[in-house]
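# Secondary and tertiary structure notes
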Amino acid sequence: MGAKAERVIGGKLDKWARKHGWHVLHAVPVGRRGADIDHVLIGPFGVVTVNTKSTRGKVWVADNGIMVGGTKVDYLRNSRHEAQRARKLLANACGRHVPVQAAVVFVGAKGFTVRNGGPHDVAVLRDVRAFRRWLRRCGNVLSPEQVAEVHAAARRPNTWRP
């Protein structure tokens, strides 16, 4: 089920990247312990690390946590860690700060409740349509030249496995 969700989101990201001139990398291996980032999206909005989650249950989101089907999950902690790690590794590869945001995108959620606006540092989105709307609201923080530079760095395996 999780792999299917990653393919759904990945297909949309590929389509949007072609249409808007963005870049997307899928299943980016990070470090040497088998960890990966589901998707890394690079565009004028900076870099977005995308954590894809599939559920048929109800999702409850607050500023400090997420529950799926009544069970607390560690998606926020993991997404924050992925974004922080990507920020550090891309900054080392590019020789300057690279703006990185984290997003958790659900596929198949039967209910979605956000309390108090949700987390301030991670976009938690009910589905791929909400993710697209969120991306449209992101401001431009990278020039086309910077986007190309970050994309070139992100494509090098040694960027992610120093």
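Before any of the text, the structure's been laid out above.
As a starting point, this report considers the structure included with it. No experiment lies behind these values; they were computed from the predicted model shown.

A count of helices and strands for the protein gives five helices and nine strands. Reading the secondary structure of the protein in the N-to-C direction produces α-β-β-β-β-β-β-α-β-β-β-α-α-α. Whereas a compact globule of 162 residues would reach a radius of gyration of roughly 15 Å, the protein reaches 15 Å, a difference of no more than 12%. Dimensions of the protein along its principal axes, counting C-alpha atoms only, are 45 × 35 × 30 Å. Expressed as a percentage of its 162 residues, the buried residues of the protein come to 45%. Sequence-distant contacts, at least 24 apart, represent 62% of the contacts inside the protein between residues at least 6 apart. Accessible surface, the protein as shown: approximately 8700 Å² in total, 49% of it carbon and sulfur.

The N-to-C vectors of helix α2 (residues 75-94) and helix α4 (residues 144-155) enclose an angle of 105°; their axes lie 9 Å apart at closest approach. Taken together, α2 and α4 sit at an angle that is classed as roughly perpendicular. Across from L90, A93 and C94 in α2, the residues of α4 making contact are E149, V150, A153 and A154.

Take a positive patch on the surface next. On the surface, a cluster of positive charge is made up of K12, K15, R18, K19, R126, R129, R133, R136 and R137. Looking at the positive patch, the elements with two or more residues in it are α1 (2-20) and α3 (128-137). Within the secondary structure, R18 sits in helix α1. On the accessibility criterion, R18 (65% relative accessible area) is exposed.

Here we take up α3. When α3 is considered as a whole, its buried residues turn out to be V128, A130, F131, R132, W134 and L135. Looking at where α3 begins, the residue whose side-chain oxygen comes 3.2 Å from the main-chain nitrogen of R129 is D127.

Before going further, it helps to spend a moment on α2. With 20 residues, α2 should cover 28 Å at 1.5 Å per step; its first-to-last C-alpha distance of 28 Å lies within 8% of that length. For α2, the full list of buried residues reads Y75, L76, S79, E82, A83, A86, L89, L90 and C94.

Our focus in this paragraph is the nonpolar core. Grouped together as the largest cluster of nonpolar side chains are 32 residues, with contacts concentrated most on I66, F106, V124 and W160. Listing elements by their share of this core, those giving two or more residues are β1 (23-30), β2 (35-43), β4 (58-62), β5 (65-68), α2, β7 (100-107), β9 (122-125) and α4. With seven residues, α2 is the largest single contributor of residues to this core. Among residues more than four places away in sequence, those in contact with I66 are V59, W60, V61, T71, K72, V73, Y75, L76, F106 and V124.

Basis of the calculations
Residues numbered from 1 in each chain as written. Predicted model: local features only at pLDDT ≥ 70, side-chain atom pairs only at ≥ 80, totals over all residues. Heavy atoms only, no water. Helix = DSSP H or I, 4+ residues; strand = E, 2+ residues; numbered from the N terminus. Rg over C-alpha atoms; globule rule 2.2 N^0.38 Å. Buried < 20%, exposed > 50% of the residue type's maximum accessible area, 1.4 Å probe, protein only. Contact = heavy atoms within 4.5 Å. Areas by Shrake-Rupley, 256 points an atom, 1.4 Å probe, with all protein chains shown as cover. Axes fitted to C-alpha atoms, helices over the stretch in contact; angles between N-to-C directions. Parallel < 35°, antiparallel > 145°, perpendicular 65-115°, else oblique. Patch = residues over 30% accessible without salt bridge, like charges linked within 9 Å, V, L, I, M, F, W, Y side chains within 5 Å. Salt bridge = Lys/Arg side-chain N within 4 Å of Asp/Glu carboxyl O. Lys, Arg positive; Asp, Glu negative; His and termini not counted. Charge placed at Lys NZ, Arg CZ, Asp CG, Glu CD. Polar contact = N/O pair within 3.5 Å; in protein donor to acceptor, adjacent residues only side chain to side chain. Expected span 1.5 Å × (residues − 1). Core = buried A, V, L, I, M, F, W, Y, C linked by side-chain atoms within 4.5 Å.

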